[in-house]
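# Chains, contacts and geometry: an overview
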Amino acid sequence: MSDPRLDDILRRLTALEDRAAIAQLIAGYGPSVDSGSAEETAALWTADGTYSFSIRPGDDRTETLEGADGIRAMVEGEGHQGIIRGGAAHFLGPPHIVVEGDRATAVTYSLLIVRDDEGDRFVVARAGANDWQLVRTAAGWRVERRRQRLLDGTEAARAILREAAGRPGV
Amino acid sequence: MSDPRLDDILRRLTALEDRAAIAQLIAGYGPSVDSGSAEETAALWTADGTYSFSIRPGDDRTETLEGADGIRAMVEGEGHQGIIRGGAAHFLGPPHIVVEGDRATAVTYSLLIVRDDEGDRFVVARAGANDWQLVRTAAGWRVERRRQRLLDGTEAARAILREAAGRPGV
Amino acid sequence: MSDPRLDDILRRLTALEDRAAIAQLIAGYGPSVDSGSAEETAALWTADGTYSFSIRPGDDRTETLEGADGIRAMVEGEGHQGIIRGGAAHFLGPPHIVVEGDRATAVTYSLLIVRDDEGDRFVVARAGANDWQLVRTAAGWRVERRRQRLLDGTEAARAILREAAGRPGV
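Residues numbered from 1 in each chain as written. Chains lettered and ligands numbered in written order. Predicted model: local features only at pLDDT ≥ 70, side-chain atom pairs only at ≥ 80, totals over all residues. Heavy atoms only, no water.

Rotating chain A by 120 degrees and moving it 0.0 Å along the rotation axis overlays it on chain B with an RMSD of 0.0 Å. Seen this way, the second copy is the image of the first under a three-fold rotation axis. (Least-squares fit on C-alpha atoms with pLDDT ≥ 70 in both.)

Structure (structure tokens):
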């Protein structure tokens, strides 16, 4: 006969595994995109997942990549290839994660660090706030929607960060 | 009758949950402060928790915020509001955590990244070492005392980092 | 008689503990090296572990530190001591970790952030991709080989990042 504490243990263990899997998924974004691995980058998302991001600081326009084809096309595109040929790190901070059943929200900062034109140093080209909406699939956690907004002083990025504020989640 | 291994499992599970909760608490600092969420920032600390930090590089003076009122006042103050209106990320690195019963120490790096005056790039305005003294409360882990010292070559920041050096802790 | 689910629980718990221990080990690198703690830095590696790194951006030569003596000598050397006297953060990002039995691979970004010559700001002197090969020892996880290659647009760093791409690992 089973010890009644086992159900509680399994629930708590699964909660920790979910957090580890989500942190790992997000930690794979930079390596995938900075190595130019288009297929592996797309595989972090669901097949019809989206990624929208600010175009530049002080400009409230955004661009949205749609589905695996959109994400692959970004990685293979001339803009991104030029960035990685010059030397670049898509550097993400530790995620703030809230899991609710088969869905989760993660909030991270992101930095785009590129080699300086003069070549001997690096510069912080972009700093953004990111909201990752994740879903549990048969193959594990995947990104359904990522939104990145630049920390240029406008409200959009602060609205993303506010999602994590005040939600301990653990 | 209970399996004797269950007590060991529960102890190990709780140890991992403590680490996850502390990492999550610290991951909430940046989002709270950069979204201007004064109440949520203060709630990361105990009611009488403190936060002391270096004023500027090469200057050994520090300022100390006292209790929830002090922390709220900092977030709502003109200095901080100006920083986030300009565009800012209080970017923390992954914590090194040592838990001892109901108390814990975490050591992290912190970067203050702000939009450049010219507006198209970002700069690293500050880089610091942080010592977080945490305590387990009825509502979960909270910060009792945070000290941040700038990595300006003086001894204070190195003393904080030395706390984590040589303490595997897991 | 033991519940058959206990074996599964213990295996999953150990997997999470391995990840936590590896993350903690790597989180100890910056504090050890930036506080000038030579012995503690060396102790992150096995006794004959190695650390190879790019010398400068755009230069494909690397330097390799061999064993505890080599790592201690680097920390105590004039080059490194000068860097920390000037003010420096060896800032690592969250690791992407894949454990396979008693061996593990972690991939991280690394930034070397130093105080600017003018003293009021900080600059990103280096940005690199890191491959950590880890081994489980009687004393816990240790680094057997770390390779760091600068993100200067050359292939070496992208090859390291490609290891993590497409390996969920959890």
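Turning to the interface of chain C and chain A, a few remarks are in order. Contacts between the two partners involve 41 residues from chain C and, on the opposite side, 40 residues from chain A. The shortest N-O distance in the salt bridge between Asp7(A) and Arg5(C) comes to 3.5 Å. Mapped onto the side of chain C that touches chain A, the elements with two or more residues apiece are helix H1 (5-27), strand S3 (88-92), strand S4 (96-100), strand S5 (103-115), strand S6 (122-137) and helix H6 (155-164) of chain C. Element by element, the count of residues in the side of chain C that touches chain A is highest for H1(C), at seven residues. Across the side of chain C that touches chain A, the residue classes break down as 24 nonpolar, six polar and 11 charged. (Contact = heavy atoms within 4.5 Å. Salt bridge = Lys/Arg side-chain N within 4 Å of Asp/Glu carboxyl O. Helix = DSSP H or I, 4+ residues; strand = E, 2+ residues; numbered from the N terminus. Nonpolar A, V, L, I, M, F, W, Y, C, P; charged D, E, K, R; others polar.)

A separate point is helix H6 (residues 155-164) of chain A. Along H6(A), the positions that sit buried rather than exposed are Ala157(A), Arg158(A), Ile160(A), Leu161(A) and Ala164(A). All buried residues of H6(A) lie within an arc of 155 degrees about the axis, which places them on one face of the element. Of the surrounding secondary structure, the elements contacted by the buried residues of H6(A) are strand S4 (96-100), strand S5 (103-115), strand S6 (122-137) and strand S7 (140-150) of chain A together with helix H2 (29-34) and helix H5 (78-86) of chain B. Just downstream of H6(A), Gly166(A) is the residue with a positive phi angle, here 80 degrees. (Buried < 20%, exposed > 50% of the residue type's maximum accessible area, 1.4 Å probe, protein only. Arc of directions from axis to C-beta.)

Every contact between the two is made by 41 residues of chain A and, on the other side, 40 residues of chain B. Summing both sides of the interface, chain A and chain B together bury roughly 3100 Å²; the carbon and sulfur share of this comes to 64%. Taken together, the links from chain A to chain B amount to two salt bridges. Every element with two or more residues in the side of chain A that touches chain B is listed here: helix H1 (5-27), strand S3 (88-92), S4, S5, S6 and H6 of chain A. The element that contributes the greatest number of residues to the side of chain A that touches chain B is H1(A), accounting for seven residues. (Buried area = accessible area lost by both parts, 1.4 Å probe.)

Our focus in this paragraph is empty space enclosed by the protein. The probe, sized like a water molecule, is rolled over the atoms to show the empty space still left. Inspection of the entire model under this criterion finds six cavities of 30 Å³ or more. The calculated volume of the largest cavity comes to roughly 1000 Å³. The class makeup of the residues in the lining of the largest cavity is 34 nonpolar, 12 polar and three charged. Together, 16 residues line the second largest cavity, and Ile26(A), Ala27(A), Leu92(A), Pro94(C) and Tyr109(C) are the ones closest to its centre. Elements represented by at least two residues in the lining of the second largest cavity include exactly H1, helix H2 (29-34) and S3 of chain A together with S5 of chain C. (1 Å grid on protein atoms, 1.4 Å probe; cavity = no way out; pocket = protein on both sides within 12 Å on 5 of 7 lines; lining within 4 Å. Points joined across faces, edges and corners; volume = space filled by probe spheres on them.)

By the definition in use, this model includes 24 aromatic pairs over all chains. On the basis of an interplanar angle of 35 degrees and a centroid distance of 6.4 Å, the ring pair of Trp45(C) and Trp132(C) is categorised as tilted. Here Trp45(C), found in strand S1 (residues 45-54), pairs with Trp132(C), found in strand S6; they are 87 residues apart in sequence, far enough to count as distant. No difference in accessibility class separates Trp45(C) from Trp132(C), as the two residues are buried. Ring-pair connections join several aromatic residues into one group, and the members of that group are Phe91(A), Tyr109(A), Phe91(B), Tyr109(B), Phe91(C) and Tyr109(C). Above the plane of the ring of Tyr29(A) lies Arg146(A), whose end atom (NZ or CZ) is 4.5 Å from the centre. (Phe/Tyr/Trp six-rings, centres within 6.5 Å; stacked < 30°, edge-to-face > 60°. Lys NZ or Arg CZ within 6 Å of the ring centre and 35° of its normal.)

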